[in-house]
Amino acid sequence: MQPAQLYKRKGSIINDNSTDPNKMLPMRYTWAREHYKSGVANNWTPEEVSMQKDVEQWKSKDALSETERRLVLWNLGFFSTAESLTANNIVLAVYRHVTNPECRQYMLRQAYEEAVHTDTFIYCCDSLGLDPDDIYNMYQSVPSIKAKDEFVVNLTLSIMDPAFKTDSKENIQKFVLDVVAFYVIMEGIFFYAGFAMMLALRRQQKMEGIGQQFEYIMRDESLHLAYGCDLINTIKAENPEIWDQAFQDTIVDLIRQAVVLERAYAVDACPQGVFGINAEQFCNYVEHMADRRLERLGLPKVYNKENPFPWMAQATDLSKEKNFFETRVTEYQTAGSLTWD
Ligand code: MN
Ligand code: FE
């Protein structure tokens, strides 16, 4: 991109009356453009991953323990509906209020990635022969999953009102809470106990196909989260009056409540622990991640927990190149380097 095309445009990320949403150039928020390009560089589809060994293990009587089966089912149940809730929020809520064209370009890409993620769970259900009525009802029938979904959905009800406008301090704060709920809490906290469990399972050579797909999803989600934090930090910089102490306290409090729910989910999905990891270590991982999110928003850390799973950090930076050696070439282009978790 020519630097001359950048930073020429004035305007703001929300409530911008001076920018035509159809005029892509010149750009103002180059981070949105960079996230778009990184997303495209990470392209993948679930069918690239073979499920044959997973199917054998799932159908075999002794390849997986009851604990391991529960962990797989809980995570398929949670993610299968969390991905479509997230997609709906982008398209029905955030997109309407963020009229900036480079941000919208990123959100269209993100919405496509959420469609790939929902497709992944269709593929997993089909491959393993799971009853869709069981899996897709878990967000209502399993209390620890239901509590997480209700928590984010309740935070976003006012934004879903077609008459809602970001036309006052209070309404901009409501809009930011929606972005916090989906980007920071759903994608940045509620996904992470599940990521750790599924990648820990893969480290035991169990359900490696699903584990690979979770790794790709996690790599996408780290970009979604980065975009969400950049969006919040930009709104904050352009509307400093919203970021008062009471509002900062509200966000920290929401993140604390979310961590309580994610801890409960981790214990419910994996009550006795697994692979030498106890449920408390999954909880510590979630708390470690929650602090990273708070720091990214310029808010004080709460938990000060060490990362119990340093091996998780690698998963977000992995290039798909490794599949060149293991299975077949699946690179569309060189993956962008993602260093932020
Ligand atoms: Mn997703
Ligand atoms: Fe996402």
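Check the entry above for the structure.
Please read all numbers here as calculations on a predicted model, not as lab measurements.

Definitions and cut-offs
- Residues numbered from 1 in each chain as written.
- Chains lettered and ligands numbered in written order.
- Predicted model: local features only at pLDDT ≥ 70, side-chain atom pairs only at ≥ 80, totals over all residues.
- Heavy atoms only, no water.
- Axes fitted to C-alpha atoms, helices over the stretch in contact; angles between N-to-C directions.
- Helix = DSSP H or I, 4+ residues; strand = E, 2+ residues; numbered from the N terminus.
- Left-handed = near helix turned anticlockwise from the far one by under 90°.
- Contact = heavy atoms within 4.5 Å.
- Nonpolar A, V, L, I, M, F, W, Y, C, P; charged D, E, K, R; others polar.
- Expected span 1.5 Å × (residues − 1).
- Bend = angle between axes of the 7 residues up to and from the residue.
- Buried < 20%, exposed > 50% of the residue type's maximum accessible area, 1.4 Å probe, protein only.
- Donors = N, O, S within 2.8 Å, 3.2 Å for Na, K, Ca; no water.
- Salt bridge = Lys/Arg side-chain N within 4 Å of Asp/Glu carboxyl O.

Colleague: Which parts of the structure should I look at to understand the packing of helix 8 (residues 169-190) against helix 12 (residues 279-296)?
Modeller: Two elements in contact, helix 8 and helix 12, have axes whose closest approach is 10 Å; the angle formed by their N-to-C orientations is 145°. The interaxial crossing formed by helix 8 with helix 12 has right-handed handedness. The residues of helix 12 that touch helix 8, namely those facing Val184, Gly188 and Ile189, are Val286, Ala290 and Arg293. In terms of residue class, the contact of helix 8 with helix 12 is made up of four nonpolar, one polar and one charged.

Colleague: I'm lost on helix 3 (residues 66-97) in this one. Help?
Modeller: Because an α-helix packs 3.6 residues into every turn, residues spaced three or four apart end up facing the same way. Compared with an ideal rise of 1.5 Å per residue, which puts 32 residues at 46 Å, helix 3 spans 46 Å between its outermost C-alpha atoms and is within 8% of the ideal. A bend of about 35° at Ile90 is the largest found in helix 3. Where burial is concerned, most of helix 3 is hidden: 23 out of the 32 residues are buried.

Colleague: Looking at this structure, I do not really get the coordination of the manganese ion (ligand 1). What am I missing?
Modeller: Ideal geometry at a metal centre gives angles of 109.5 degrees when four donors are arranged tetrahedrally and 90 or 180 degrees when six donors are arranged octahedrally. The protein atoms that coordinate the manganese ion (ligand 1) are Glu83 (OE), Glu114 (OE), His117 (ND1) and Glu221 (OE), at distances of 1.8 to 2.2 Å. Of note, the donors binding the manganese ion (ligand 1) are all from one chain and are spaced E-x30-E-x2-H-x103-E. Between the manganese ion (ligand 1) and the iron ion (ligand 2) the interatomic distance comes to 3.1 Å, and Glu114 is a ligand of both metals. Of this pair, Glu83 sits in helix 3 while Glu114 sits in helix 4 (residues 101-128), and the two are 31 residues apart along the sequence.

Colleague: Just checking my understanding: could you explain the environment of Phe190 for this structure?
Modeller: Within the secondary structure, Phe190 is located in helix 8. Through-space distance from the C-alpha of Phe190 to that of Arg263 is 9.4 Å; in sequence the pair is 73 residues apart. Leaving out residues up to four positions away in the same chain, Phe190 has contacts with Phe78, Lys148, Phe151, Val152, Ile185, Ala258, Leu261 and Glu262.

Colleague: Honestly, the pattern of salt bridges in this entry has me stumped. Any pointers?
Modeller: This model, assessed by the stated rule, comprises 13 salt bridges. A salt bridge links Lys53 to Glu208; its shortest N-O distance comes to 3.1 Å. In this pair, Lys53 sits in helix 2 (residues 52-59) while Glu208 sits in helix 10 (residues 208-238), placing the two residues 155 residues apart along the sequence. On the basis of relative accessible area, Lys53 is assigned to the partly exposed category, the value being 44%. As a salt-bridge pair, Glu113 and Arg109 come within 2.7 Å of each other at their nearest N and O atoms. Placement of both Glu113 and Arg109 in helix 4 is noted, with a separation of four residues, approximately one turn of the helix. Note on Glu113: relative accessible area 2%, which makes it buried. One salt-bridge network, in which partners are shared between bridges, spans Arg263, Glu280, Glu287 and Lys305.

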